[in-house]
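Below are the chains, spelled out letter by letter.
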Amino acid sequence: MSPAFQPGDYLLTVVLRRPHRGVAVVFPHPHKQIHLLKRVVALPGDLVDLNPNGVQLRSAPTRSTWEVPAGHVVVLSDRLDVTIADSRSFGPVSTDGMRKVLFRYRRARQYR
């Protein structure tokens, strides 16, 4: 299965009011001067266990789980095998300045 978003796609975004699992969001990278496109996988108050293969939501705390703080979400890439520029490397992300993707526009190929 190919990822939903491809390089060169145009995105229509709006300010994120309430995060939901599965929604695609654009936000500033916590440590670099770039923006990232990821999916929300955990919400404030969720118990999560992050590992290199992804994230697991837990119903009860264990030694490796932690709670997503208020005003933050956990995000992951569509392609877990390619990149780890997501919450697996920098933890939960603040929802301040986060935008929700409403629509993706893929330019038609130019034909000769």
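Refer to the structure printed above.
Quick caveat, the model's predicted, so the values are computed rather than measured.

About the criteria used
- Residues numbered from 1 in each chain as written.
- Predicted model: local features only at pLDDT ≥ 70, side-chain atom pairs only at ≥ 80, totals over all residues.
- Heavy atoms only, no water.
- Core = buried A, V, L, I, M, F, W, Y, C linked by side-chain atoms within 4.5 Å.
- Buried < 20%, exposed > 50% of the residue type's maximum accessible area, 1.4 Å probe, protein only.
- Helix = DSSP H or I, 4+ residues; strand = E, 2+ residues; numbered from the N terminus.
- Contact = heavy atoms within 4.5 Å.
- Pairing = 2+ DSSP bridges.
- Patch = residues over 30% accessible without salt bridge, like charges linked within 9 Å, V, L, I, M, F, W, Y side chains within 5 Å.
- Areas by Shrake-Rupley, 256 points an atom, 1.4 Å probe, with all protein chains shown as cover.
- Salt bridge = Lys/Arg side-chain N within 4 Å of Asp/Glu carboxyl O.

Peer 1: So what's going on with the nonpolar core? Which residues, and what values?
Peer 2: Of all hydrophobic cores here, the largest spans 12 residues; its members are L16, V23, V25, F27, L36, V40, L43, V73, V75, F90, V93 and M98. Taken together, the elements giving at least two residues each to this core come down to β2 (24-28), β3 (35-42) and β7 (72-76). Other than its neighbours up to four places away in sequence, V40 contacts H20, R21, G22, V23, V25, V73, V74 and V75. Formed by 6 residues, the second largest nonpolar core is a distinct cluster that contains V41, A42, V48 and V68.

Peer 1: Explain the sheet that holds strand β6 (residues 66-67) residue by residue, including any values.
Peer 2: Backbone hydrogen bonds hold the strands of a sheet together, and the pairing may be parallel or antiparallel. Taking strand neighbours across the sheet as the criterion, the 3 strands line up as β5-β4-β6 in an open arrangement whose pairing is antiparallel. Each edge of the sheet is formed by a strand with only one pairing partner; in this case those strands are β5 (54-58) and β6. Looking at chain direction, strand β4 (residues 47-51) and β6 are connected through 2 bridges and run antiparallel. Opposite V48, over in β6, you have W66 as the bridge partner.

Peer 1: Give a detailed account of a nonpolar patch on the surface, specifying residues and quantitative values.
Peer 2: Together, Y10, L12, V14, L102, F103 and Y105 give the surface a local cluster of nonpolar side chains, amounting to about 590 Å² of exposed area. When contributions to the nonpolar patch are tallied by element, the ones reaching two or more residues are β1 (10-15) and β9 (99-105). Assignment of secondary structure puts Y10 in strand β1. With relative accessibility at 43%, the residue Y10 sits in the partly exposed group.

Peer 1: Please provide a residue-by-residue account of the pattern of salt bridges, values included.
Peer 2: One pass over the structure, following the stated rule, counts 4 salt bridges. Put simply, D9 and R104 hold a salt bridge, and the shortest N to O gap is 3.9 Å. Pair noted here: D9 is in the segment before β1 and R104 is in strand β9, with a separation of 95 residues, a long-range link. For D46, the salt bridge is made with R21, and the minimal N-O distance between the two is 2.5 Å. Of the two residues, D46 is situated in the loop between β3 and β4 and R21 in the loop between β1 and β2; the sequence distance between them amounts to 25 residues.

Peer 1: Tell me what's going on with the sheet that holds β9, and back it up with residues and numbers.
Peer 2: Pairing is antiparallel in the open sheet, where 6 strands are placed in the order β1-β9-β2-β3-β7-β8. Looking at which strands have only one partner, the edges of the open sheet turn out to be β1 and β8 (93-94). Alignment of β3 against β7, held across 3 bridges, turns out to be antiparallel. When the sheet's bridge partners are listed, R39 is paired in β7 with L76.

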